[in-house]
Amino acid sequence: RLIVGDRLRLGGVGGMDSGQAAWAKIAAGADLVQVYSGMIFAGPGIAAAINADLARRLDAAHCGSIADIVGRDAEKWAA
């Protein structure tokens, strides 16, 4: 996110098995996340569980939208 800004959309993939994992990828700069293996291991209900956890985290962070957290921790991951 720090390098490409808004010119590209970034996807967070790999290890997407919880709302915590999704939150970390979004806060690092992902505009979207892909759940693949998580669906295989946890079933299709994982999407609802991730969404519910993200909603709780948004409330706790006093954010109105997931867009409010996109890239907020990007500097932590910069090399």
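Residues numbered from 1 in each chain as written. Predicted model: local features only at pLDDT ≥ 70, side-chain atom pairs only at ≥ 80, totals over all residues. Heavy atoms only, no water.

Asks: Please set out the nonpolar core residue by residue, giving values where relevant.
Replies: Core analysis: the largest hydrophobic core is formed by eleven residues, namely Met-16, Ala-21, Ala-22, Trp-23, Ile-26, Ile-46, Ile-50, Leu-54, Leu-58, Cys-63 and Ile-69. For this core, the secondary structure elements donating two or more residues are helix 1 (19–28) and helix 3 (46–60). (Core = buried A, V, L, I, M, F, W, Y, C linked by side-chain atoms within 4.5 Å. Buried < 20%, exposed > 50% of the residue type's maximum accessible area, 1.4 Å probe, protein only. Helix = DSSP H or I, 4+ residues; strand = E, 2+ residues; numbered from the N terminus.)

Asks: Quick rundown of the packing of helix 1 against helix 3? Include the residues and the values.
Replies: Running from N to C, helix 1 and helix 3 cross one another at 60°; their axes reach a closest spacing of 8 Å. Viewed along their axes, helix 1 and helix 3 adopt a mutual orientation that is oblique. Judged by the sense of rotation from one axis to the other, the crossing of helix 1 with helix 3 is right-handed. Counting all contacts with helix 1, which are made through Gly-19, Gln-20, Ala-22, Trp-23 and Ile-26, the residues of helix 3 involved are Ile-50, Asp-53, Leu-54, Arg-57 and Leu-58. Taken together, the residues of the contact of helix 1 with helix 3 sort by class into six nonpolar, two polar and two charged. (Axes fitted to C-alpha atoms, helices over the stretch in contact; angles between N-to-C directions. Parallel < 35°, antiparallel > 145°, perpendicular 65-115°, else oblique. Left-handed = near helix turned anticlockwise from the far one by under 90°. Contact = heavy atoms within 4.5 Å. Nonpolar A, V, L, I, M, F, W, Y, C, P; charged D, E, K, R; others polar.)

Asks: Lay out the environment of Ile-26 in plain terms, naming residues and giving numbers.
Replies: With respect to the secondary-structure elements, Ile-26 resides in helix 1. Spatially, the C-alpha atoms of Ile-26 and His-62 are 16 Å apart, while their sequence positions differ by 36 residues. Beyond its immediate sequence surroundings of up to four residues, Ile-26 is in contact with Val-33, Leu-54, Ile-66, Ile-69, Val-70 and Gly-71.

Asks: Which residues make up the environment of Arg-57, and what values go with them?
Replies: Mapped onto the elements of the fold, Arg-57 is located in helix 3. Note on Arg-57: relative accessible area 26%, which makes it partly exposed. The sequence separation of Arg-57 and Gln-20 amounts to 37 residues, and the corresponding C-alpha distance is 8.7 Å. Not counting the four nearest positions on each side in its chain, Arg-57 is found in contact with Gly-19, Gln-20 and Trp-23.

Asks: Any chance you could break down the pattern of salt bridges for me, citing the residues and the numbers?
Replies: Counted by the stated rule, this structure contains four salt bridges. Across the pair Arg-9 and Asp-31 runs a salt bridge whose closest N-O atoms are separated by 3.3 Å. Residue Arg-9 is located in the segment before strand 1 (11–12), and its partner Asp-31 is located in the loop between helix 1 and strand 2 (32–33); the two are separated by 22 residues in the primary sequence. For Asp-31, a relative accessible area of 29% translates into the label partly exposed. Where Asp-73 meets Arg-72, a salt bridge forms, and the shortest distance between an N and an O atom there is 3.9 Å. Salt bridges sharing partners connect three or more residues here, namely Asp-53, Arg-56 and Arg-57. (Salt bridge = Lys/Arg side-chain N within 4 Å of Asp/Glu carboxyl O.)

Nothing here speaks to function; it is all geometry.
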